[in-house]
Amino acid sequence: MKFFIDTANLDQITEAHNLGVLDGVTTNPSLMAKEGITGDLNIINHYKAICSVTDGDVSAEVISTTFEEIIREGQELAELHEQIVVKVPMIKEGIKAIKYFSGKGIKTNCTLVFSAGQALLAAKAGATYVSPFVGRLDDISTDGLALIRDIRLIYDNYDFQTKILAASIRHPMHIIDAAKIGADVITGPLSSITALLKHPLTDNGLVQFLADYNNAALKDK
């Protein structure tokens, strides 16, 4: 499984990279705005900065909703850096654009996916990634992980090459459960990824080991 971080914060991206487990980055207009990054030129420069931190794919989202504008914006994003993946919404015009991009060798991430049918269309159109939103489904009392399971089954049935990118990850158990199901990628906040480091028995064991070492060192003096 690949680990992407869902943020536009360069410090967090760098921290995840330095941890040694970062495989890529996903962003969206909301995450850019959260970091105070506005204006086309600033956003473009920020995408380039993100690409300089990670060696993996970086999803950059279009804000257009018509086929022609998605194509124009997506091509401009793809030209920024070879790591850029054009993030396209799951709408009719988006599916048409994904098919176009696929024919041009431009990587795509079909976002805002909430059903197996949508994921099937994205794969048929040739999306590189499909992003089902686990957490947002959980928010409305729907099993987001069940959607991952359905997509995995469908993709395996027909040998689709589209990667399942479990998005809207909220906590470490989302990551573990997505891994059990067979999601190809997860993307979430740094806090969810680093939470995998934590276990009380690890903390207690380390305290005990250090205490025993220090006691033994005192006896040797």
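For the structure, check the block above.
These figures come from a predicted structure and were not determined experimentally.

Reading guide: rules and limits
- Residues numbered from 1 in each chain as written.
- Predicted model: local features only at pLDDT ≥ 70, side-chain atom pairs only at ≥ 80, totals over all residues.
- Heavy atoms only, no water.
- Core = buried A, V, L, I, M, F, W, Y, C linked by side-chain atoms within 4.5 Å.
- Buried < 20%, exposed > 50% of the residue type's maximum accessible area, 1.4 Å probe, protein only.
- Helix = DSSP H or I, 4+ residues; strand = E, 2+ residues; numbered from the N terminus.
- Contact = heavy atoms within 4.5 Å.
- Axes fitted to C-alpha atoms, helices over the stretch in contact; angles between N-to-C directions.
- Parallel < 35°, antiparallel > 145°, perpendicular 65-115°, else oblique.
- Left-handed = near helix turned anticlockwise from the far one by under 90°.
- Nonpolar A, V, L, I, M, F, W, Y, C, P; charged D, E, K, R; others polar.

1. Comments concerning the nonpolar core
Counting residues in each nonpolar core, the largest one holds 54 residues, and the members touching the most others are Phe-101 and Ala-166. For this core, the element with the highest residue contribution is helix α8 (residues 144-158), accounting for five residues. In this structure Phe-101 touches Ile-70, Ile-71, Gly-74, Gln-75, Val-86, Val-88, Ile-106 and Thr-108, once residues within four positions along its chain are discounted. Counting seven residues, the second-largest nonpolar core is a separate cluster that includes Phe-4, Leu-165, Ala-167 and Val-185.

2. Looking at the packing of α8 against helix α9 (residues 172-181)
At a minimum axis separation of 10 Å, α8 and α9 run at an interaxial angle of 20°. With respect to each other, α8 and α9 are oriented roughly parallel. Relative to α9, α8 is oriented so that their crossing is right-handed. Facing Leu-145, Ile-148, Arg-149 and Arg-152 of α8, the residues of α9 in contact are His-174, Asp-177, Ala-178 and Ile-181. Residues belonging to the contact of α8 with α9 are distributed by class as follows: four nonpolar, one polar and three charged.

3. Some thoughts on the packing of helix α6 (residues 116-125) against α8
Relative orientation of the contacting elements α6 and α8 amounts to 40°, with a least axis distance of 9 Å. In terms of their interaxial angle, α6 and α8 are classed as oblique. In this structure, the crossing between α6 and α8 has a hand that is right-handed. Residues Ala-116, Ala-119, Leu-120 and Ala-123 of α6 lie in contact with α8, whose contacting residues are Leu-147, Asp-150, Ile-151, Ile-154 and Tyr-155. By residue class, the composition of the contact of α6 with α8 is eight nonpolar, no polar and one charged.

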